[in-house]
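Residue-level structural notes
These are the residues of each chain, in order.
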Amino acid sequence: MNSDYVIAFLASTAGAATPLVLASTGELVAERSGVLNLGLEGIMLVGAVAGFSVTLHTGSLGLGLLAALAAGMALALVFAFLVLTLQTNQVATGLALTLFGIGLSAFLGRDLVGQTVTPLPRLDLPILSELPFVGPLLFRFDGVVYGSLALVAIVAWLLAKSRIGLQIRAVGEAPHSAHAIGMPVVRLRYASVLFGGALAGLGGAYLSLALTPMWAEGMTAGRGWIALAQVVFATWKPRGVVLGAYLFGGVTVLQFHGQGLGLAVPSEFLSMLPYLATIVVLVIICRNPQTILLNKPMSLGQNFRAD
């Protein structure tokens, strides 16, 4: 196996992992605050079509990414209003949001199928990008790839070291106690859910503006559900989100390389490899229930009402 093949494989893995890093990081913050948003798949699809449509009509990738962020936040706001203000069931509302997002994205994108846009440009860093092996492996990605990794580091620091991070964790662990000492539980949960929606929308836009710069109905292909699973796999820790996303990204890329190499394996089996790998990893993680119980926010999925 030559170095060019290794570089191509690892570089493709980073691209495939980035949407999951973004969506999972946002959902991790929301779940840390005690809110379970099962609508990620729908939010990612709406973000993908919004980002693609705005980029196609304006020619600006920056405006496309902003549109995806806004679209993700708008759907997350609807979800937050229903579960935090109207006290609807989080699981049922999230599932409904996914179905709504799938339908809405198909409707909005009905005239966009088959059209393409110029993908996000890669950043060529002087000297560093020209280094043998290391250059193309580490210094020739687009800005969103680097930004997603920096974002994970920032979120990890905020949750572990900052006042706002402590408050988010407090309302996720013991919302009534947090409310009793004056913390704005509902407001913090609103902010966390909106943050998660924004990143899910951005993750969807990365699919339609960078990974495959076009719009196709259902192009997320279950990545929203994988992002939800990765939060559990990561045991609600940011560094685990990166590990899980790059593992899934590697397996996703492996299926295409396997087909390209002409492996005598049914294409259907190769296509299901990423999802099979996710299930296997979750089973392994959940064999030790203490790992989950020690890190899971105690009020996850439970509504809170200030009396």
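Keep in mind that what you see is a predicted model, and the values were worked out from it rather than measured.

1. So, the overall build of the protein
Scanning the protein from terminus to terminus reveals 13 helices and 0 strands. In the protein, the order of α-helices and β-strands from amino to carboxyl end is α-α-α-α-α-α-α-α-α-α-α-α-α. Of all intrachain contacts in the protein linking residues separated by at least 6 positions in sequence, the fraction that spans at least 24 positions is 77%. If you sum the accessible surface of the protein, you get close to 14,200 Å²; carbon and sulfur atoms cover 69% of it.

2. Focus on helix α3 (residues 61-85)
Over its 25 residues, α3 runs 35 Å from end to end, which matches the ideal 36 Å to within 8%, given 1.5 Å per residue. Immediately downstream of α3, the backbone of Gln-87 shows phi near 65°, a positive value.

3. With respect to the side chain of Thr-252
Tracing the sequence through the fold places Thr-252 in helix α11 (residues 238-260). Overall, the relative accessible area of 7% leaves Thr-252 in the buried class. A polar contact of 2.8 Å, which involves the side chain of Thr-252, links it to the backbone oxygen of Phe-248. If we ignore the near neighbours within four places in the chain, the residues touching Thr-252 are Arg-223 and Pro-274.

4. Some details on the UniProt feature "transmembrane region" (unreviewed entry) in the protein
Feature annotation in UniProt places "transmembrane region" (unreviewed entry) on residues 6-23, 35-56, 62-84, 91-109, 143-160, 190-209 and 269-286, given in this structure's numbering. Counting secondary structure, residues 6-23 comes out at 100% helix and 0% strand; the distance between its end C-alpha atoms is 27 Å. In the segment residues 62-84, helix accounts for 100% and strand for 0%; the C-alpha atoms at its two ends are 32 Å apart.

5. A few points about the environment of Ala-170
Along the chain, Ala-170 turns up in helix α7 (residues 163-173). In contact with Ala-170, other than residues within four places in its own chain, are Pro-175, Ala-178 and Met-183.

6. So, the nonpolar core
Core analysis: the biggest nonpolar cluster contains 65 residues, and Leu-65, Leu-120, Leu-209 and Trp-215 have the highest contact counts within it. Among the elements of the structure, α1 (3-32), α2 (40-58), α3, α6 (143-161), α9 (185-211), α10 (223-233) and α11 are those that each provide at least two residues to this core. With 11 residues, α9 is the single largest residue contributor to this core. Beyond its immediate chain neighbours, meaning those up to four positions away, Leu-65 contacts Leu-120, Val-144, Leu-202, Ala-205 and Leu-209.

7. So, the packing of α2 against α9
The interhelical angle for the contact between α2 and α9, taken along N-to-C directions, is 55°, at an axis separation of 6 Å. In terms of their interaxial angle, α2 and α9 are classed as oblique. At the point where α2 passes α9, the crossing takes the right-handed sense. Along its contact with α2, which presents Leu-40, Ile-43, Met-44, Gly-47, Ala-48, Gly-51, Phe-52 and Thr-55, the element α9 presents Gly-197, Ala-200, Gly-201, Gly-203, Gly-204, Ala-205, Leu-207, Ser-208 and Leu-209.

8. Describing the packing of aromatic side chains
The tally for this structure, following the rule as stated, stands at 1 aromatic pair. Aromatic pair Phe-141 and Tyr-146: ring centres 6.1 Å apart, planes at 70°, arrangement edge-to-face.

9. Focus: unusual backbone geometry
Positive phi values are uncommon outside glycine, yet Gln-87 reaches one of about 65°. Note that Gln-87 resides in the loop between α3 and α4 (90-108). A positive phi is found at Trp-236, a non-glycine position, where the angle reads about 60°. Structurally, Trp-236 can be placed in the loop between α10 and α11. Classification of Trp-236 as buried rests on a relative accessible area of 2%.

10. Digging into the side chain of Ser-208
Among the secondary structure elements, Ser-208 is positioned in helix α9. For Ser-208, a relative accessible area of 0% gives the class buried. A polar side-chain atom of Ser-208 sits 2.8 Å from the main-chain carbonyl oxygen of Ala-48. Setting aside residues up to four positions removed in sequence, Ser-208 forms contacts with Ala-48, Phe-52, Val-117, Pro-213, Met-214 and Met-219.

Conventions used here
Residues numbered from 1 in each chain as written. Predicted model: local features only at pLDDT ≥ 70, side-chain atom pairs only at ≥ 80, totals over all residues. Heavy atoms only, no water. Helix = DSSP H or I, 4+ residues; strand = E, 2+ residues; numbered from the N terminus. Contact = heavy atoms within 4.5 Å. Areas by Shrake-Rupley, 256 points an atom, 1.4 Å probe, with all protein chains shown as cover. Expected span 1.5 Å × (residues − 1). Buried < 20%, exposed > 50% of the residue type's maximum accessible area, 1.4 Å probe, protein only. Polar contact = N/O pair within 3.5 Å; in protein donor to acceptor, adjacent residues only side chain to side chain. UniProt positions renumbered as here; feature names shortened; annotations may be inferred. Core = buried A, V, L, I, M, F, W, Y, C linked by side-chain atoms within 4.5 Å. Axes fitted to C-alpha atoms, helices over the stretch in contact; angles between N-to-C directions. Parallel < 35°, antiparallel > 145°, perpendicular 65-115°, else oblique. Left-handed = near helix turned anticlockwise from the far one by under 90°. Phe/Tyr/Trp six-rings, centres within 6.5 Å; stacked < 30°, edge-to-face > 60°.

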